[in-house]
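Structural overview
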Amino acid sequence: MKLKAFSTFASLLLILLLAQCTSDKASQQQFSPDEEKVYLDKGKAIAAATFTTLSGQLTAALEKEGVAGAVRYCNLAAMPLLDSLSKANNATIRRTSGKPRNPLDAPTEWEAELLSAFQLEASKGEQPMPRLKLLDEKKVAFAAPIMLQPLCTKCHGAVGTDIAEGDYAVIKELYPQDQAVGYKPGELRGMWSITFER
Ligand code: HEC
């Protein structure tokens, strides 16, 4: 009798422990290693292709029209370009930042969480690494850091030194709430936020 009670107790304990174990696993690992690789590769490929397109257009506009002209070009073209690349990739491609130029690029709740994780890594001198988040049953989010390069300081560096006063006047005219200045090369400028179906 005693033995039976003990074995019932023991098997209950075992079931409890196993349940605990699997639920821990589920919350820690949202993706299988295979899935993780597929989604990270997919996000990286979309981010790289989008960056190539955006920076190609930006360089061409800078050469042709100078900084102020390129700012006007970005103002008109950046969002439509992201929209059409989103459609082409069956994804939602955004760029977000804690100090946005375009208020539409302000982070959502989950984007702000990942941005602060990147910021923490960058503040410790580490290179922030791309990561994934499961938004719901069917939606995967890919996030990757956007680091500032020397070219970017023309529009995101220090006003008055990197950015000519006249050029900044154009930026302020188009983006009265601009916060995206004062960056140095190598700093975290923002984050790719790319979401797609699981
Ligand atoms: C010619 C000026 C110019 C240059 C050079 C430039 N940007 Fe921008 N950047 C802008 C403008 C204008 C916007 C707002 C675009 C919009 O309205 O969607 C912007 C927006 C962004 C955003 C989206 C978040 C936000 O602040 O709204 C990121 C991220 C960004 N730039 C990163 C970079 C990086 C990285 C570089 C260098 C590779 C760079 N930019 C070079 C003008 C520039």
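Our structure is the block above this text.
What counts, and where the lines are drawn
Residues numbered from 1 in each chain as written. Predicted model: local features only at pLDDT ≥ 70, side-chain atom pairs only at ≥ 80, totals over all residues. Heavy atoms only, no water. Helix = DSSP H or I, 4+ residues; strand = E, 2+ residues; numbered from the N terminus. Buried < 20%, exposed > 50% of the residue type's maximum accessible area, 1.4 Å probe, protein only. Contact = heavy atoms within 4.5 Å. Areas by Shrake-Rupley, 256 points an atom, 1.4 Å probe, with all protein chains shown as cover. Arc of directions from axis to C-beta. Near = heavy atom within 4 Å. Polar contact = N/O pair within 3.5 Å; in protein donor to acceptor, adjacent residues only side chain to side chain. 1 Å grid on protein atoms, 1.4 Å probe; cavity = no way out; pocket = protein on both sides within 12 Å on 5 of 7 lines; lining within 4 Å. Sits in = over half its atoms within 2 Å of the grid points. Pairing = 2+ DSSP bridges. Axes fitted to C-alpha atoms, helices over the stretch in contact; angles between N-to-C directions. Donors = N, O, S within 2.8 Å, 3.2 Å for Na, K, Ca; no water.

1. Some remarks on the overall build of the chain
Counting its secondary structure elements, the chain contains 5 helices and 4 strands. Its helices and strands in sequence order give the chain the pattern α-α-β-α-β-β-α-α-β, from N to C terminus. In the chain, buried positions account for 34% of the 198 residues. Counting only contacts in the chain whose residues sit at least 6 apart along the sequence, the fraction spanning at least 24 positions is 69%. Accessible surface for the chain amounts to roughly 12,000 Å². Of this, 60% is attributable to carbon and sulfur atoms.

2. Some points on helix α5 (residues 165-174)
Of all the positions in α5, only Asp167, Tyr168, Val170 and Ile171 are classed as buried. All buried residues of α5 fall inside an arc of 155° around its axis, so they share one side. Residues of α5 that are exposed and angled more than 90 degrees away from the buried face: Glu165 and Glu173. Close packing links the buried residues of α5 with α2 (33-89) and α4 (153-156).

3. Some points on the site of the ligand
Neighbouring the ligand are 21 residues; Asp105, Cys152, Cys155, His156 and Tyr175 lie closest to it. Taking aspartate 105, its side chain carries an N or O atom lying 2.5 Å from an oxygen atom of the ligand. Between the ligand and arginine 189, the relevant distance is 2.7 Å, taken from an oxygen atom to a side-chain nitrogen or oxygen of the residue. Comparing atom positions with the cavity grids shows the ligand to sit within the largest pocket. Those elements that provide at least two residues to the shell around the ligand are α2, β3 (139-147) and α4. The dominant element in the shell around the ligand, judged by the number of residues it contributes, is α2, at 7 residues.

4. Section: the pairing of strand β2 (residues 131-136)
Two faces belong to every sheet, and in a regular strand the side chains alternate between them. Both β2 and β3 contribute to a ladder of 5 bridges, which runs antiparallel. Its bridge partner being in β3, lysine 133 is matched across the sheet by alanine 141. If you look at the hairpin formed by β2 and β3, you'll find 2 residues sitting between the two strands.

5. Quick word on the sheet that holds β2
Read across the open sheet, the 4 strands follow the order β1-β4-β3-β2; overall the sheet is antiparallel. In this open sheet, the two edge strands, each paired with only one partner strand, are β1 (92-96) and β2. This sheet shows a mean twist of 25° between the axes of neighbouring strands, independent of strand direction. Across 9 bridges, the pairing between β3 and strand β4 (residues 188-197) is antiparallel. Residue pairing for β4: lysine 139 is matched across the bridge by glutamate 197. Along the sheet face, helix α3 (residues 109-123) touches β1, β2, β3 and β4 and points at about 135° away from the line of β4.

6. Regarding the coordination of the iron atom of the ligand
Donor atoms from the protein around the iron atom of the ligand number only one, His156 (NE2), found at 2.1 Å. Relative to the helices and strands, histidine 156 resides in helix α4.

That's the geometry; what it means functionally is another story.
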